[in-house]
Every structure is written in C-alpha cells, then in structure tokens.
Amino acid sequence: MTATEVLERSDAPKSQTPLDEAWHGLRDTLPFMFGSIPFGLLFGTLATGEGLSPLATMAMSLFVFSGSAQFIAVVLLGAGSGIWVVWFATFVLNLRHLLYAATLVDHVRHLSQAWRFPLAAFLTDETFAVMERRYRTQGGGANAHWYYIASCIGMYLNWQTWTFLGITIGQRFPQVQNWGLEFAMVVTFIGIVVPLLTSMPYFAAAVTAGLVAVIANPLPYKLGLMLAALAGIVVGVVLDIRKRGLRLTTEEDAAHLAPEEKKTWA
C-alpha cells in the first residue's frame, strides 16, 4: 500500500465538527510542512544574500506568501531586472492558480465571501494538493472549509517560521547557500505534481510546461520558466474547459432520455 493510499484511508469522514475538520486538515498538511522547511530556509538565506534587508525579506513572505514567486523575484532582483519584469514574471508564474480555482470552485461556491477570500488568498501548491485529494476522495462535507483553512494557516505559519530562521542563519552562515538545499524544492514539487496527474488537463499541462521549459531554457531573465508556466496553464485551462463542456453536454443528454433509456444509460 502506498503512502497516498494510507493517507486517503485515514481521512476524516464527511460529517465532522469544525474542530475535527481543522485537525484533520492540519494533520494531512504536515508532510508538506516538513517538505517546505529547506525551501523556507533557502529563501531566507538567498534573499539576504542577494541584498534584500531582513525586514524586506520577511515582508515578502508575510504579504506575498508564494515560494516559487518569491524565489523568481529574488533572482531577478539580484540580476538587476526592472520592477515590471519582476511583476510580470511572478504574475505569469502564479497563473497556475487558475487551474487550482477551476478545480476547487465548485466545492466552495456555497461559502460566503468572508470565507472564500481568505481561502483563495492563502491557497498554495501544497494546500491545493491536500484539498484536491480531500474533495476527490470524500466530497465536501458541511464543515470541509475548516479543513481547508487549517491547511492554509498551517502552511502560512510554517513558511513564516522557516523564512525567519533562514534570514537568521543566512546572516550568520552565508555559506549555507552552497549546501544544496535547493534539491528539496525539486523533490517537494515532484511529490505535489505526480499524484495530481490523474486527468488529461493536468497531464497535458505538465508535459507542455516541461517541454517548453527545456526548449526555452537558454532565454535570459528566466523567461523560459515564464513561458513554460504560461504554456502549461493555457493548455490545461483549455482542456479543462473542453472537458467540463463535454461533461455538461453528456449530462444534459442523459436528462432528456426516457426512463427506460436512463436505466440503460446508468
């Protein structure tokens, strides 16, 4: 039995109290929190090494809260790129959240804006992976949004903690940048992406982004990464919209069948 199957079998039932849901959300996010430790440490050390003040580095984690966007911003700032280049790069990189939104929106549509805004603002790759599995294996549940917000809060506090420690360590031990901690980022994202490749939109988006990233790698200012992210998002969104349209058409056709035909349809 794989680790994913163990997690899915240990998930909480649908009918849980808010406190139970929050506990299970935090518990299921814990492996990703451990995985982001070297990620946060590396960002704190890299940002201060590129000339950002400790206050600016901490503020970026507090208000941006997007590890991949923060890394690309720091690298571009260190290379002397203009503010508009940094803004555009982080904007394109975070367009992947369109795919996340398309996947999760039906599960949170019933919530008030007071809930939907923080859930959207604090959504990360790790929380998306946790919530996608939760909704896919269990459905929603009356208090599933407490599971969601607990995952968000856990990742947020975890990221701030390790950014702060990375700043502290980076100031005292500048050589930590040469310890190879960036390998943990690759492993973490592989662990997030691979289990999600369960449908054609996700698979096509991943393959497209990978191919474009390799082909466009020689471009300056990390433009290859931006193009890869944009290409993957466009392909994924287009295929997801097409898939939803076909499913809707199929459901409408089924609704118009005669009773005896519906039995055959099922």
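Structure: above.
Below or above, wherever it landed, is the structure these notes cover. Every value quoted in this text rests on a predicted model; they were computed, and no experiment measured them. (Residues numbered from 1 in each chain as written. Predicted model: local features only at pLDDT ≥ 70, side-chain atom pairs only at ≥ 80, totals over all residues. Heavy atoms only, no water.)

### Comments concerning the overall build of the chain
Counting its secondary structure elements, the chain contains 14 helices and 0 strands. In the chain, the order of α-helices and β-strands from amino to carboxyl end is α-α-α-α-α-α-α-α-α-α-α-α-α-α. Carbon and sulfur atoms make up 70% of the accessible area of the chain, which totals about 14,600 Å². (Helix = DSSP H or I, 4+ residues; strand = E, 2+ residues; numbered from the N terminus. Areas by Shrake-Rupley, 256 points an atom, 1.4 Å probe, with all protein chains shown as cover.)

### Things to note about the environment of glutamine 171
Note on placement: glutamine 171 falls in helix H10 (residues 144–172). Exposure remark for glutamine 171: the relative accessible area of 52% places this residue in the exposed category. Here the alpha-carbon distance between glutamine 171 and threonine 45, two residues 126 residues apart in the chain, equals 7.3 Å. (Buried < 20%, exposed > 50% of the residue type's maximum accessible area, 1.4 Å probe, protein only.)

### What about unusual backbone geometry?
Its identity is not glycine, yet phenylalanine 65 carries a phi of approximately 50°, on the positive side. Counting through the fold element by element, phenylalanine 65 comes out in the loop between helix H4 (54–63) and helix H5 (67–78). A relative accessible area of 8% means that phenylalanine 65 is categorised as buried.

### A few points about the packing of H4 against H10
At a closest axis distance of 9 Å, the pairing of H4 and H10 adopts a crossing angle of 165°. Taken as axis vectors, H4 and H10 run roughly antiparallel relative to one another. Read as a crossing pair, H4 and H10 show a hand that is right-handed. The segment H4 lies against H10, with Pro54, Thr57, Met58, Ser61 and Leu62 engaging Tyr156, Trp159, Gln160, Thr163, Phe164, Ile167 and Gln171. Of the residues that constitute the contact of H4 with H10, the class distribution is 7 nonpolar, 5 polar and no charged. (Axes fitted to C-alpha atoms, helices over the stretch in contact; angles between N-to-C directions. Parallel < 35°, antiparallel > 145°, perpendicular 65-115°, else oblique. Left-handed = near helix turned anticlockwise from the far one by under 90°. Contact = heavy atoms within 4.5 Å. Nonpolar A, V, L, I, M, F, W, Y, C, P; charged D, E, K, R; others polar.)

### Observations regarding the layout of surface pockets
Approximately 700 Å³ is the volume found for the second largest pocket. Along the walls of the second largest pocket sit 30 residues, with His97, Ala120, Ala121, Phe122 and Leu123 positioned nearest its centre. Within the residue set of the lining of the second largest pocket, elements represented by two or more residues are H4, H5, helix H7 (97–108), helix H8 (113–121), helix H9 (125–138) and H10. (1 Å grid on protein atoms, 1.4 Å probe; cavity = no way out; pocket = protein on both sides within 12 Å on 5 of 7 lines; lining within 4 Å. Points joined across faces, edges and corners; volume = space filled by probe spheres on them.)

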